[in-house]
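The primary structure of each chain is shown beneath.
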Amino acid sequence: MPQSPTPRLAFLPLLENNSPQATAWVRGGASAPNLSGLVKFYDAPYGGVLIEAEIFGLPNKNVPDSTTFYAMHIHQEGDCSDNFTKTGNHYNPTMQPHPNHEGDLLPLFGNSGYAWGAFFDRRFRLQDIIGRSVVIHAKPDDFTTQPSGDSGAKIACGVIVETE
Ligand SMILES: [Cu+2]
Ligand SMILES: [Zn+2]
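Counting from 1, residues in each chain are numbered in the order their sequence is written. Chain labels run from A onward and ligand labels from 1 onward, assigned in the order the entries are written. Only residues with pLDDT of at least 70 are given local features in this predicted model, and only at 80 or more are side-chain atom pairs given and counted; all residues enter the totals for whole chains, interfaces and linings. For the side-chain quantities, the full set of heavy atoms in the structure was used; hydrogens and water were omitted.

**Structural notes on the pattern of salt bridges**
And step 1. Any carboxyl oxygen of Asp or Glu that lies within 4 Å of a side-chain nitrogen of Lys or Arg is treated as forming a salt bridge with it. Applying the stated criterion across every chain yields a total of three salt bridges.
And step 2. Its salt-bridge partner being R125, residue D128 comes within 3.1 Å of it at the nearest N-O pair.

What follows is the structure in structure tokens.
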């Protein structure tokens, strides 16, 4: 059977064989001290960015068989100090309402604390997010409430850095 030439045929080798152009090491704050993980950003064909996240130790870690959503966004400022109070708003250079911010990402799906996901995103260019932050929240994003989807406290943060 012939393979359909869909974009995933280009995406999978990128994730498997290439180094990301940018990464964010995400670490939990006081409310989630065991949370850690890595978000990778790849320059992708079709004019977009491929984002892969693997996160350990989300708050539902101790709830067996739980499957819980956690909001994830790119925030304006790449400063995770002071328990993430300096990250600013969602990255939103074109002044859109939530969830149309350039920094609005797919949520994480925590499976007893572990989340893995990858998706294709054409909202921003890679060079525009270097030096900003990835923030994970305590609650799901409702994709409605302004300005940030009622996603609750910031529980983890990582600065997006360009890789060598
Ligand atoms: Cu956020
Ligand atoms: Zn937003």
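More follows now that the structure is in view.
**Notes on a nonpolar patch on the surface**
And step 1. A surface patch of nonpolar side chains, about 320 Å² in accessible area, is lined by F56, Y114 and W116.
And step 2. In DSSP terms, a helix is any run of H or I states spanning at least four residues, a strand is any run of E spanning at least two, and both are numbered starting from the N terminus. On the secondary structure map, W116 appears in strand β7 (residues 115–121). Like charges are joined within 9 Å and nonpolar side chains (Val, Leu, Ile, Met, Phe, Trp, Tyr) within 5 Å, but only among residues with over 30% relative accessible area and no salt bridge; these make up the patches. Where accessible areas are quoted, they stem from the Shrake-Rupley method and a 1.4 Å probe; at the residue level, only the protein chains shown are allowed to cover.

**As for the environment of T85**
And step 1. In this structure, T85 sits in the loop between α2 (81–84) and β6 (108–111).
And step 2. Partly exposed describes any residue whose relative accessible area lies between the buried limit of under 20% and the exposed limit of over 50%, with all areas from a 1.4 Å probe on protein chains only and scaled to the type maximum. T85 sits in the exposed class, given a relative accessible area of 59%.

**Focus: the packing of aromatic side chains**
And step 1. Aromatic contacts are taken between Phe, Tyr and Trp rings whose centres are within 6.5 Å, Trp giving its six-membered ring; a plane angle under 30 degrees counts as stacked, one over 60 as edge-to-face, and the others as tilted. Across all of its chains, the model carries four aromatic pairs by this definition.
And step 2. Ring plane angle 40 degrees and centroid distance 4.8 Å describe the contact between F69 and F109, whose orientation is recorded as tilted. Of this pair, F69 sits in strand β4 (residues 67–70) while F109 sits in strand β6, and the two are 40 residues apart along the sequence.
And step 3. Residue F109 is classed as partly exposed on the basis of its relative accessible area of 38%.
And step 4. Joined through ring pairs, the aromatic side chains of F11, Y46 and F120 make up one cluster.

**Considerations on unusual backbone geometry**
And step 1. With an omega of 5 degrees, the peptide bond between H98 and P99 qualifies as cis.
And step 2. Looking at the element boundaries, P99 is found in the loop between α2 and β6.
And step 3. P147 follows Q146 through a cis peptide bond whose omega is 0 degrees.
And step 4. Despite not being glycine, D82 has its phi angle at roughly 55 degrees, a positive value.
And step 5. Among the secondary structure elements, D82 is positioned in helix α2.
And step 6. Judged by relative accessible area, D82 falls into the partly exposed class, the value being 49%.
And step 7. For F84, which is not glycine, the phi torsion reads 70 degrees and is therefore positive.
And step 8. Mapping F84 onto the fold places it in helix α2.
And step 9. A relative accessible area of 7% places F84 in the buried class.

**Section: the state of the cysteines**
And step 1. For the purposes of this analysis, a disulfide is any pair of cysteine sulfur atoms at a distance within 2.5 Å. The tally for this structure, following the rule as stated, stands at one disulfide.
And step 2. The side chain of C80 participates in a disulfide bridge whose partner is C157; the two sulfur atoms lie 1.9 Å from each other. A torsion of -70 degrees about the S-S bond marks the disulfide between C80 and C157 as left-handed. Of the two residues, C80 is situated in the loop between β5 (72–75) and α2 and C157 in strand β9 (residues 154–162); the sequence distance between them amounts to 77 residues.
And step 3. A relative accessible area of 4% places C157 in the buried class.

**Considerations on the coordination of the copper ion (ligand 1)**
Between any two of four tetrahedral donors, the ideal angle at the metal is 109.5 degrees; between two of six octahedral donors, it is 90 or 180 degrees.
And step 1. Taken together, H73 (ND1), H75 (NE2) and H137 (NE2) make up the full set of protein donors to the copper ion (ligand 1), lying 1.9 to 2.0 Å away.
And step 2. Only nitrogen, oxygen and sulfur atoms within 2.8 Å of the metal, or 3.2 Å for Na, K and Ca, are treated as donors, and water is left out, so sites may look incomplete. Donor residues for the copper ion (ligand 1) sit on one chain with the sequence pattern H-x1-H-x61-H. With H75 in strand β5 and H137 in strand β8 (residues 133–137), this residue pair connects regions lying 62 residues apart in the sequence. Summarising the burial analysis for this pair, H75 and H137 share the class buried.

**Observations regarding the coordination of the zinc ion (ligand 2)**
And step 1. For the zinc ion (ligand 2), the full set of protein donor atoms is H90 (ND1), H98 (ND1), H101 (ND1), D104 (OD) and D104 (OD), and the range of their distances to it is 2.0 to 2.7 Å.
And step 2. Here the donor residues of the zinc ion (ligand 2) share one chain and are spaced in sequence as H-x7-H-x2-H-x2-D. Assigned by exposure class, H98 and H101 land together as buried.

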